[in-house]
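One-letter residues, chain by chain:
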Amino acid sequence: MEQTALRPKPLPGREPGGGAERGGRAHRPRAARRAGGRLTILLLGLVAGAVLLLCGAGLGVVGATVLGRSRPGEFQGLTGRGGPGPTAPAAPSPRPVRATLGLEAVDAERQGARIVAVHVPGPGYSAGLVRGDVLLAFGGTRIDSATDLARVVDEARPGRRVTLTLRHEDGTHRQVRVTPGVVV
């Protein structure tokens, strides 16, 4: 039969009369299975699982070392879920304890340190400090810049209440009492 534009060529396996075997259906060959294909996939899966497990254990040991613990067993004493026998108390921190207000500040246009972020939860948030306030005094010390604020907060004792003098964005002045927190 002659093929024309009006009569397109039939799809392979659907030729009328030719190529059709049992029951008018074309025979389609099946893909040959490779010997040991499932075994290879199983072995590759086991190897990949072992590699991921070892990488995770390695990352855990590296994380513990970065945190200052040389052996992962030391974490059991910190959580209180250690194995049998008494656990040794944690050694005191070699770093000094510092105070924090839980906020971030930059130099204000005129005088003081403008608050650009207040950490929640934190001492500054608890005292009612908000973004945009300008700190003018910390205790009895005048604040001229963000550097001055950082210096007086570092010199403060954590847990001892301090009076802050601040100026809101609308220009009103206010005094608040805040208890600096601890940074270890």
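Residues numbered from 1 in each chain as written. Predicted model: local features only at pLDDT ≥ 70, side-chain atom pairs only at ≥ 80, totals over all residues. Heavy atoms only, no water.

Peer 1: Give me the lowdown on the environment of Y125, citing residues and values where you can.
Peer 2: With respect to the helices, strands and loops of the structure, Y125 is situated in helix α3 (residues 123-127). For Y125, a relative accessible area of 48% corresponds to the partly exposed category. Measuring from C-alpha to C-alpha, the distance between Y125 and L103 comes to 8.2 Å, with 22 residues separating the pair along the chain. (Helix = DSSP H or I, 4+ residues; strand = E, 2+ residues; numbered from the N terminus. Buried < 20%, exposed > 50% of the residue type's maximum accessible area, 1.4 Å probe, protein only.)

Peer 1: I'd like to hear about helix α4 (residues 146-155), residue by residue, with values.
Peer 2: Spacing of three or four residues puts side chains on the same side of an α-helix, whose turn is 3.6 residues. Restricting attention to buried positions, one finds in α4 the residues A146, D148, L149, V152 and V153. Seen along its axis, α4 keeps its buried residues to an arc of 155°; they face one direction. Summarising the geometry of α4, the exposed residues directed more than 90 degrees from the buried face are T147 and E155. Those residues of α4 hidden inside the fold are in contact with β1 (98-100), β2 (103-107), β3 (113-118), β4 (134-138) and β5 (141-142). (Arc of directions from axis to C-beta. Contact = heavy atoms within 4.5 Å.)

Peer 1: Pulling in residues and values, what's your account of the pattern of salt bridges?
Peer 2: In a structure, side chains of opposite charge can pair up when their charged atoms sit close to one another. This model, assessed by the stated rule, comprises four salt bridges. Its salt-bridge partner being E109, residue R114 comes within 2.9 Å of it at the nearest N-O pair. (Salt bridge = Lys/Arg side-chain N within 4 Å of Asp/Glu carboxyl O.)

Peer 1: Can you break down the side chain of R167 residue by residue, with the values?
Peer 2: Considering the arrangement of structural elements, one finds R167 in strand β6 (residues 162-167). One buried charged residue, R167, forms no salt bridge at all, with the nearest opposite charge on E109 at 5.6 Å. Those residues in contact with R167 that lie beyond four places of it in its chain are R110, Q111, G132, D133, V134, L136, T172 and H173. (Lys, Arg positive; Asp, Glu negative; His and termini not counted.)

Peer 1: Give me unusual backbone geometry: which residues, what numbers.
Peer 2: With an omega of -10°, the peptide bond running from V120 to P121 counts as cis. With respect to the secondary-structure elements, P121 resides in the loop between β3 and α3.

Peer 1: Go over the pairing of strand β7 (residues 173-178) with me, naming the residues and quoting the values.
Peer 2: Of the pairings in the sheet, the one linking β6 to β7 comprises six bridges and is antiparallel in character. Among the inter-strand pairings, V162 is bridged to a residue of β7, identified as V178. As consecutive antiparallel partners, β6 and β7 are separated by five residues, and within that stretch G171 has a phi angle of approximately 100°, a positive value. (Pairing = 2+ DSSP bridges.)

Peer 1: Before we move on, could you go through the nonpolar core and cite the residues and values that matter?
Peer 2: Residues L101, L129, L135, F138, L149 and L164 are the most contacted members of the largest nonpolar core, which totals 20 residues. Contributing elements (two or more residues each) for this core: β3, β4, α4, β6 and β7. No other element matches α4, which puts four residues into this core. (Core = buried A, V, L, I, M, F, W, Y, C linked by side-chain atoms within 4.5 Å.)

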